[in-house]
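# Topology and contacts: notes
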Amino acid sequence: VTEKKRILVVEDTPIVRTLITDVLEYHGYEVVCARNGAEGVSKAAGGAFDLVLMDIHMPVMDGYAALARLRENEATKGAIVMALTSSTTEEDLARIAEAGFDGCIAKPVDIRALPIVVRNSMRR
Amino acid sequence: MNHELRTPLSTIIGFSEVLQDEMFGVLTEKQLEYVGYILQSSRNLLALITDIIDLSKIEADRAELEPERVRPREVVMSAVSLVREKAIAHDIRLAVEVDAATPDEVEADEKKLKQALYILLSSAVRSSFDHGAVTVRAAPLPAREGEPAGEGWLRVAVEDTGPAIRPEDHARLFQPFSRVELPGTGKYMGTGLGLALARMLVELHGGSIGIERGEGGGNRFVFRIPATRRMAERLAAGEGS
């Protein structure tokens, strides 16, 4: 029996968090949630995650700041972190790439495409 | 506004898809039917909201034209390919006629030009009903009297075989949220914003759009845009020939 892959979902909107969590759990992942960047950073440090899905616009600490903290910490600097964002203009995507995200998932999240994107992102 | 409107709606769509995919339990036939309606209506609403946002951006004049050298033939073919599947499903013949004298290139905003043409095409396919025909024609149009002489216009016409819309309804067609009767069918055309959006996209180019009676008795939507930006600027400056 292979162990379940662990995914950390950092997202401030509760209903979106629930949707993503339920879909990922259905597809066999173990999901932990955080409500903002700061909570995400602390939860990421506490557990080995195979993937972090990180919202960009969040209160307390946004996705960019949270990613920077993850990259500073020895325990989390190698984590695969995908941005979740509704702003997908060329400038936004360039900024996301420059910030060091491993990829980007456009919001609204297409729940039928999500499991494929998630699986592929962990393949490297 | 975009984000605020789309997030709740896409959440409705997401959870409905979870139900439809029966991730957490089997649904009865009736429940599946209702979830289907919820999804269909939500997607319609999402499309409408996307249109409203497009329209309001253009109205706020924030939509900037990004003119580049565009090949009219390619724009036409690419817009046609977007409606091909739907046309086949309804056994509607799609024909493209590009006049040999049409310039290889015009200066326009390719995305916006394609969007305007796509709106006309999908409306033509919708109102042609089964077994009809939709014909797209592109041709050059020389400058008319009182217009700056020179490069002239690109004229694009989309003709359908649907019931001819009454002349008194023609002007209203291009207003947002208009509903215009398709005579003899008991049906209406215009889901709200499409044609208004097409008009704005064309006018943004310095062009104009209208509808006339087609040769086959259907409707012919026609728009023209200046072939070059120089021409468009001279038109905007009110220069005559």
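Reading the values: rules and limits
- Residues numbered from 1 in each chain as written.
- Chains lettered and ligands numbered in written order.
- Predicted model: local features only at pLDDT ≥ 70, side-chain atom pairs only at ≥ 80, totals over all residues.
- Heavy atoms only, no water.
- Helix = DSSP H or I, 4+ residues; strand = E, 2+ residues; numbered from the N terminus.
- Buried < 20%, exposed > 50% of the residue type's maximum accessible area, 1.4 Å probe, protein only.
- Contact = heavy atoms within 4.5 Å.
- Areas by Shrake-Rupley, 256 points an atom, 1.4 Å probe, with all protein chains shown as cover.
- Buried area = accessible area lost by both parts, 1.4 Å probe.
- Salt bridge = Lys/Arg side-chain N within 4 Å of Asp/Glu carboxyl O.
- Polar contact = N/O pair within 3.5 Å; in protein donor to acceptor, adjacent residues only side chain to side chain.
- Nonpolar A, V, L, I, M, F, W, Y, C, P; charged D, E, K, R; others polar.
- Pairing = 2+ DSSP bridges.
- Axes fitted to C-alpha atoms, helices over the stretch in contact; angles between N-to-C directions.
- Left-handed = near helix turned anticlockwise from the far one by under 90°.
- Right-handed = clockwise from strand over helix to strand, strands pointing away.
- pLDDT = per-residue confidence, 0-100.

### A word on the overall build of chain B
- Summing up its helical and strand segments, chain B has 7 helices and 9 strands in all.
- Relative to its full complement of 241 residues, chain B shows a buried share of 45%.
- If you take every contact in chain B between residues at least 6 apart in sequence, the share linking residues at least 24 apart comes to 69%.
- Total accessible area computed for chain B in this model is approximately 12,700 Å², and 51% of it derives from carbon and sulfur atoms.

### Details of the overall build of chain A
- Each helix and strand in chain A was counted, giving 5 helices and 5 strands.
- Ordered by position from N to C terminus, the α and β elements of chain A give β-α-β-α-β-α-β-α-β-α.
- Out of the 124 residues in chain A, the part that is buried amounts to 45%.
- Looking at chain A alone, contacts between residues at least 24 apart form 60% of all its contacts between residues at least 6 apart.
- Accessible surface, chain A as shown: approximately 6,300 Å² in total, 51% of it carbon and sulfur.

### Remarks on the interface of chain A and chain B
- In this assembly, 12 residues from chain A lie in contact with 14 residues from chain B.
- Taking both sides of the interface into account, the surface hidden between chain A and chain B amounts to around 1,200 Å²; carbon and sulfur atoms contribute 69%.
- Our count for the chain A to chain B interface comes out at 2 salt bridges.
- Counting across the chain A and chain B interface gives 2 residue pairs in polar contact (both at pLDDT 80 or more).
- Of the residues belonging to the side of chain A that touches chain B, the class tally is 7 nonpolar, 3 polar and 2 charged.

### Here's the deal with the sheet that holds strand E8 (residues 208-213) of chain B
All names here are of chain B.
- Taken in spatial order, the 5 strands of this open sheet run E2-E4-E5-E9-E8, and their pairing is mixed. Pairing within the sheet leaves two strands with one partner each, and these edge strands are strand E2 (93-98) and E8. Going from strand to strand, the sheet's axes swing by 15° on average, the running direction of each strand aside.
- Each of E2, strand E4 (133-141), strand E5 (153-159), E8 and strand E9 (219-226) is contacted by helix H4 (residues 110-128), which is oriented at about 145° to E4, the strand it contacts most.

### Section: the packing of helix H3 (residues 72-89) of chain B against H4(B)
Residue and element names in this part refer to chain B.
- Packing of H3 against H4 brings their axes to within 9 Å, and their N-to-C directions diverge by 35°. Judged by the twist between their axes, the crossing of H3 over H4 is right-handed. Contacts from Val-75, Val-76, Ser-78, Ala-79, Val-80, Leu-82, Val-83, Lys-86 and Ala-87 in H3 reach Glu-110, Leu-113, Lys-114, Leu-117, Tyr-118, Leu-121, Ser-122, Val-125 and Arg-126 in H4.

### Let's talk about the pairing of strand E5 (residues 103-106) of chain A
All names here are of chain A.
- With burial as the criterion, only one face of E5 is covered, namely that bearing Gly-103 and Ile-105; the residues Cys-104 and Ala-106 on the opposite face remain uncovered.
- Looking at chain direction, strand E4 (residues 81-85) and E5 are connected through 4 bridges and run parallel. Considered in E5, the bridge of Met-82 is made with Gly-103.
- As a crossover connection, the stretch from E4 through helix H4 (residues 90-99) into E5 is right-handed.

### Structural notes on the confidence of the model for chain B
- Summarising the model, chain B shows a mean pLDDT of 86, and 93% of its residues fall at 70 or more.
- Taken over the whole predicted complex, pTM reads 0.62, whereas the ipTM for its chain interfaces reads 0.80.

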